[in-house]
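Next come the chains, spelled out residue by residue.
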Amino acid sequence: MIGYYVHHHGSGHLHRARSIAAHSPLPVTGLSSLPAPDDWPGAWVRLPRDDDGDPTAFGDVTAGGRLHWAPVGHAGLRGRMARIAEWIAAASPALLVSDVSVEVALLARLLGVPTAVAAMRGERTDTPHRTAYDLAELLLAPWPAALPEPGWPEHWRAKTVHTGAFSRFDGRSPAPVDERAGRTRPRRVLLFMGSGGRDVSTAEVAAARAAAPGWRWTTLGGPDGRWEADPWPALCAADVVVTHAGQNALAECAAARRPAVVVPQERPFGEQAATGRALARGRLAVVAPRWPEAGDWAPLLERAHGHGGDRWSQWAPGDGAVRAARALADAAYRGKGA
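A brief structural summary. Please read these numbers as outputs of a predicted model, since none were measured by experiment.

Considerations on the overall build of the protein
Counting its regular elements, the protein contains twelve helices and twelve strands. For 338 residues, the compact-globule estimate of 2.2 N^0.38 gives 20 Å, and the C-alpha radius of gyration of the protein, at 21 Å, lies within 12% of that figure. Taking the principal axes of the C-alpha coordinates as reference, the protein spans close to 60 × 45 × 40 Å. Split by element, the accessible area of the protein, about 14600 Å² in all, is 54% carbon and sulfur. Side-chain charges of the protein comprise 38 positive and 34 negative groups, with the mean position of each set lying 4 Å from the other.

Okay, structure coming up:
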C-alpha cells in the first residue's frame, strides 16, 4: 500500500498523482483536501483545509523558519494531521508520497513510514526543503536527467529518479503535421494558463493580441479564459502555445509536441524561473523571462513557430508516469524488506 498526499493548490499535483496511480502495481490511497477524482483507482482520504481564515491570526506559521506552513491553533491543521496519522496507523503503508508538503513528509517519517518527495526546481536549500529532501528515501524529479537542477548536493542526486515530464495526455497522438499545415490564416495561438494564479493582466494580453494581427488567440484557464476539462483538442489545434513554466502545463504542451513561448511566472523559491532556464539550456522552447512588450509578440510567435515542437520529446518521452510508478513501487518494496 502506498499513500499519496496531493496538495490542493492548483491542478498540477492532482494530475500528476492521477497519472502515477493509474500505472501503479500497488494500491494507492490518496490523501488530500481535494475531492477524489472520478478515475482514482483506490481509496481516498478527504482532509480538512489548513489555509482558511486570517493567516495573521495563527502566530508563527513557519515555526521559526523550520517549516513552511504550521499555523498555531488552527483546527484544520490539527484535523488533517490527525487524519493522516489515523490512516497511517490503520493502513500501515509501505511508502508515503508527498506532493507536496514538507510537514506531511515529516509527519510520515516520524511515524516510521518511508517517504518519497516530489522534487521541484528552484532554490530549495532553505531549512524546510532540506529537511524533507534529506529524510526522503526517494526524490521524484519530473524532468529529464539531461537537464538536472544545478547545485543539488550529491546525496540528493544519488536518490533522485528523473522520470521526464509526464501528464494525463501521455500516449495520445498529436494532430498530424499535414493537418496543421493545411489551415488557412490567421494562425492560432493558445494562451494556456493554469488554475494556480497568474501574473499577466487582461490589458497585457489584449495588447499582445493587437500587436500580432496575423494570429488568432484563444485563452484557456486563468480568470479570463474558459475552462476545458480536456484541453487536448485546443492544444493540438494551436500553431503556437503561450504558457507559463508550471510543471503540469509544460508537460501537457510537451505531450502535444507544440511550439511554445514560455513565460515563467513569479513563484515561491523561483521555481518557474529555474524551469525556464532549463528549457532554454535544452533549446526546447522560446523562453521570455517576463511578459514581453506588445511589439515583441509578432517576432516571438514567428520564432517559436519556426523552432517547432519536436524537441519536446526530450522533456517528455511519454513513459514518465510508468517510470514514476515503478520507482515508487520499488521503494515501497524496499521499505517492507521485500
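That covers the picture; the talk isn't over yet.
Thoughts on the packing of aromatic side chains
On inspection of all chains with the given rule, the structure shows eight aromatic pairs. Grouped by ring-pair contacts, the aromatic residues Tyr133, Trp143, Trp152 and Trp156 constitute a single cluster. If you follow Arg121 out to its NZ or CZ, it ends over the ring of Trp143, 4.4 Å from the centre.

Digging into the side chain of Arg80
One can find Arg80 in helix H2 (residues 75-91). For Arg80, a relative accessible area of 2% corresponds to the buried category. Of note is the side chain of Arg80, whose polar atom sits 2.8 Å from the side chain of Ser33. In contact with Arg80, not counting residues within four places along its chain, are Tyr5, His8, Ser33, Leu47, Pro48, Arg49 and Asp50.

Description of the packing of helix H1 (residues 12-23) against helix H12 (residues 320-335)
Direction vectors running N to C along H1 and H12 enclose 70°, while the axes themselves pass 8 Å from each other. In terms of orientation, H1 lies roughly perpendicular with respect to H12. The handedness of the crossing between H1 and H12 is right-handed. Seen from H1, the contacting residues are Ser19, Ile20 and His23; seen from H12, they are Ala321, Val322, Ala324, Ala325 and Leu328. Per-class residue counts for the contact of H1 with H12 are six nonpolar, two polar and no charged.

A few points about the nonpolar core
By size, the foremost hydrophobic cluster in this structure holds 44 residues, and its most contacted members are Tyr133, Leu190, Leu235, Trp312 and Trp315. Those elements that provide at least two residues to this core are helix H3 (102-110), helix H4 (127-135), strand E6 (138-141), strand E8 (187-192), helix H8 (232-237), helix H9 (247-256), strand E11 (260-262) and helix H10 (271-281). It is H9 that contributes the most residues to this core, seven residues altogether. Within the second largest apolar cluster, 27 residues are counted, among which are Leu14, Ala17, Val97 and Leu138.

Observations regarding unusual backbone geometry
The step from Asp99 to Val100 runs through a cis peptide bond, and the omega angle for that step is -5°. Tracing the backbone through its elements, the reader meets Val100 in the loop between strand E4 (95-99) and H3. Within the chain, Arg257 stands out as a residue other than glycine whose phi angle is a positive 55°. Relative to the helices and strands, Arg257 is located in the loop between H9 and E11. A relative accessible area of 22% means that Arg257 is categorised as partly exposed. Positive phi is not limited to glycine here, since Phe269 has a value of about 65°. Relative to the assigned elements, Phe269 resides in the loop between E11 and H10.

Notes on the sheet that holds strand E5 (residues 115-118)
Taken together, the seven strands give an open sheet; going across it, the order is E3-E2-E1-E4-E5-E6-E7, and neighbouring strands pair in parallel fashion. Unpaired on one side and paired on the other, strand E3 (44-46) and strand E7 (160-162) mark the two borders of the sheet. On average, adjacent strands in this sheet sit at an angle of 20° to one another, irrespective of strand direction. Bridging between E4 and E5 involves three bridges; their strand directions are parallel.

Looking at the pattern of salt bridges
For the coordinates displayed, the defined rule picks out 13 salt bridges. Where Arg187 meets Glu302, a salt bridge forms, and the shortest distance between an N and an O atom there is 2.4 Å. Note that Arg187 is positioned in strand E8 and Glu302 in helix H11 (residues 297-307), a separation of 115 residues in sequence. On the basis of relative accessible area, Arg187 is assigned to the buried category, the value being 12%.

A closer look at the sheet that holds strand E12 (residues 286-287)
One open sheet accounts for five strands, arranged E9-E8-E10-E11-E12; its pairing is parallel. Each edge of the sheet is formed by a strand with only one pairing partner; in this case those strands are strand E9 (215-220) and E12. Note that strand E10 (residues 240-243) and E11 share three bridges and pair parallel. Among the inter-strand pairings, Val241 is bridged to a residue of E11, identified as Ala260. Relative to E10, H9 is tilted by about 175°, and along the sheet it contacts E8, E10 and E11.

Here is what the cut-offs are and how they apply
Residues numbered from 1 in each chain as written. Predicted model: local features only at pLDDT ≥ 70, side-chain atom pairs only at ≥ 80, totals over all residues. Heavy atoms only, no water. Helix = DSSP H or I, 4+ residues; strand = E, 2+ residues; numbered from the N terminus. Rg over C-alpha atoms; globule rule 2.2 N^0.38 Å. Areas by Shrake-Rupley, 256 points an atom, 1.4 Å probe, with all protein chains shown as cover. Lys, Arg positive; Asp, Glu negative; His and termini not counted. Charge placed at Lys NZ, Arg CZ, Asp CG, Glu CD. Phe/Tyr/Trp six-rings, centres within 6.5 Å; stacked < 30°, edge-to-face > 60°. Lys NZ or Arg CZ within 6 Å of the ring centre and 35° of its normal. Buried < 20%, exposed > 50% of the residue type's maximum accessible area, 1.4 Å probe, protein only. Polar contact = N/O pair within 3.5 Å; in protein donor to acceptor, adjacent residues only side chain to side chain. Contact = heavy atoms within 4.5 Å. Axes fitted to C-alpha atoms, helices over the stretch in contact; angles between N-to-C directions. Parallel < 35°, antiparallel > 145°, perpendicular 65-115°, else oblique. Left-handed = near helix turned anticlockwise from the far one by under 90°. Nonpolar A, V, L, I, M, F, W, Y, C, P; charged D, E, K, R; others polar. Core = buried A, V, L, I, M, F, W, Y, C linked by side-chain atoms within 4.5 Å. Pairing = 2+ DSSP bridges. Salt bridge = Lys/Arg side-chain N within 4 Å of Asp/Glu carboxyl O.

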